[in-house]
Amino acid sequence: MPPRDSAPDVVRIVEGLSGTVSMRSELRLRFDYGRIVPWVRQVDGQIVAIAGPDAVSLRSDVHQYGRDMATYGDFRIKAGEKAWFVLTWHPSHHSVPEPTDALASLQPTETYWTEWIGGSNDAGEMAEEVNRSLLTLKALTYAPSGGMVAAPTTSLPEALGGERNWDYRFCWLRDATMTLAALLRSGFTEEAQAWRNWLLRAIAGDPADLQIMYGVTGERRLTEFGADWLPGFCGSSPVRIGNAAADQLQLDVFGEVMDVLALARETQIGPSDEAWSMQQGMMRHLGKVWHLPDEGIWEVRGKSQQFTYSKVMAWVAFDRAARAVERFGMSGPAKQWRATADTIHRQVCEGAFDAERNTFTQAYGSKALDASVLLIPQVGFLPAEDPRVIGTVEAVQRELTVDGFVRRYLTEHVDDGLPDHEGAFLICSFWLADSLAMIGRIGESRNLYQKLVALRNDVGLLAEEYDPASQRMLGNFPQAFSHLGLINTAWHLNSTENQAPLRRSAY
């Protein structure tokens, strides 16, 4: 996939290494999620398929022919020979783009990615898996706008044959901020600048209209519907297009945005008057709504609750806002923000802590456990050595792990509005590894990290979840959450073992 120019291309080169091999290419195009068979014709020596707003062209040095509503090419490749194919999308009302030279594009593509990853900070013995994850996060960024998608797929199931199938091809503020922090930690600032600009465009307007997710160019209307003409992966339906979670209240995103912008302010990105003006508006709105129940980090489709993680991140938002004034001279009511942060802190410690089990729980007054509370020490809400933090880590190990992998919560104990179970969440498992490192159990942390890294497929990619029983990955793929979790755990281990504490951030 060459670096994007006027149109996106997928290039394939077949190279003969030895002997002679008979081969066939097959292209079976369907638009509108498999519903529309396009009009296909030959134009200037290439195959062009059109339906509605979309057009795809196929160029190749292999002769193409049509049969059974598909396009084929039969050829024999010998040692030293090459055959090439270039597939290009463009709007159907535009002319076919200038052709990409398949053979000449290979070296510049390799050079682009090699030079980009060459800017990464040294991750030591973990460099291979960290660099592969960084490349994945970069590839999940839509270059024209700077928006970062959570995953490039929709409806790959969290339980085979079940209903937990979601469209992840959007920019969650939460996922993007965590991704951005991982990139900043690794030395990449250009992406941070592009994302901050994307953020300012996407959330422009009344802070009360803030959404938790947007389209890659900032689109707000992400209406969800089921593509009932598709059977779904392994019979998992519905296949969802769009995501209704865009309309939910998720208070944690305020903290995540404030935290990552604080991190950007403290790095080479530097402060931004426009960004701070936007942040002040966010804080005014959060001051009115932080006490409300919400749908939380996991976007439950059951009853709204006073989720612990949401309140912790609301504390992060007020803490980072006050700190910006106290330490960096930004304008704003620091005393008011600090007082609100203190109020939230007391409330969480009183309402979300189960003294009998010595653990923070999923929500105020709840007995259910939630892996998101592992982030309490990482955001600086409590120090890692606090007995309540240690107790929480041990409770997660005791109650939420399956073969060492962490479930985000027990679906049989939580009304999330869905009937079936799910696999272990990989980012939650990385959070456990982080927490173990922070409380001094380095050996356990490293063992879990290595166990998670071993799940990667042959090209180093991770999905959202893993099912220890069937020993397969589940959920959308590749997943930014999982890869940023890997990067952050590697840095936690490196910093802990080198006695150089990281700036406290969840990301």
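Because the structure is a prediction, the values reported are computed rather than measured.

Asker: Hey, could you run me through the overall build of the protein chain in this one?
Answerer: Tallying secondary structure elements over the protein chain gives twelve helices and 21 strands in all. Its C-alpha radius of gyration of 24 Å places the protein chain within 12% of the 23 Å reference for a compact globule of 507 residues. A buried classification covers 56% of the 507 residues belonging to the protein chain. Sequence-distant contacts in the protein chain: of pairs separated by 6 or more residues, those separated by 24 or more amount to 67%. Carbon together with sulfur atoms contributes 52% to the accessible area of the protein chain, which is approximately 21,600 Å² in total.

Asker: Help me understand the environment of Ile 77, please; the structure alone is not making it clear to me.
Answerer: By secondary structure assignment, the location of Ile 77 is in strand β7 (residues 70-78). In the structure, Ile 77 is positioned 406 residues away from His 483 in sequence and 37 Å away in space, judged by C-alpha atoms. Apart from residues lying up to four places away in sequence, Ile 77 is in contact with Val 14, Glu 15, Gly 16, Gly 19, Thr 20, Val 21, Met 23, Lys 82 and Ala 83.

Asker: Would you mind showing me how to read the sheet that holds strand β21 (residues 472-474) here?
Answerer: By definition, the strands of a sheet pair up through backbone hydrogen bonds, in either a parallel or an antiparallel sense. Read across the open sheet, the three strands follow the order β19-β20-β21; overall the sheet is antiparallel. Two strands in the sheet have a free side with no partner beyond their single neighbour: β19 (424-425) and β21. Pairing geometry for strand β20 (residues 465-467) and β21, over three bridges, is antiparallel. Directly across from Glu 465, in β21, lies its bridge partner Leu 474.

Asker: What is the right way to read the side chain of Ser 60 from this model?
Answerer: In this structure, Ser 60 sits in strand β5 (residues 54-60). The exposure class of Ser 60 is buried, given its relative accessible area of 17%. Among the polar contacts listed, one links the side chain of Ser 60 to the backbone nitrogen of Val 62, at a separation of 2.9 Å. Setting aside anything within four residues of it in sequence, one finds Ser 60 in contact with Trp 84 and Phe 85.

Asker: Would you mind showing me how to read the confidence of the model for the protein chain here?
Answerer: The predicted coordinates should not be examined in detail at positions where pLDDT is low. Per-residue pLDDT for the protein chain has a mean of 89; in total, 95% of the residues score no lower than 70. Under a pLDDT of 50 for its full length, residues 500-507 has, in the predicted model, 39 contacts with residues more than four places off or in other chains.

Asker: Hey, could you run me through unusual backbone geometry in this one?
Answerer: In most cases, non-glycine residues show a negative phi, while peptide bonds are predominantly trans. A cis amide bond links Ser 237 with the next residue in sequence, Pro 238, at an omega value of 10°. Inspection of the secondary structure puts Pro 238 in the loop between β13 (225-226) and β14 (240-241). For the bond running from Phe 477 to Pro 478, omega is -15°, close enough to zero to count as cis. If you check the backbone angles, Cys 234 has positive phi at about 55° while not being a glycine.

The rules behind each value
Residues numbered from 1 in each chain as written. Predicted model: local features only at pLDDT ≥ 70, side-chain atom pairs only at ≥ 80, totals over all residues. Heavy atoms only, no water. Helix = DSSP H or I, 4+ residues; strand = E, 2+ residues; numbered from the N terminus. Rg over C-alpha atoms; globule rule 2.2 N^0.38 Å. Buried < 20%, exposed > 50% of the residue type's maximum accessible area, 1.4 Å probe, protein only. Contact = heavy atoms within 4.5 Å. Areas by Shrake-Rupley, 256 points an atom, 1.4 Å probe, with all protein chains shown as cover. Pairing = 2+ DSSP bridges. Polar contact = N/O pair within 3.5 Å; in protein donor to acceptor, adjacent residues only side chain to side chain. pLDDT = per-residue confidence, 0-100.

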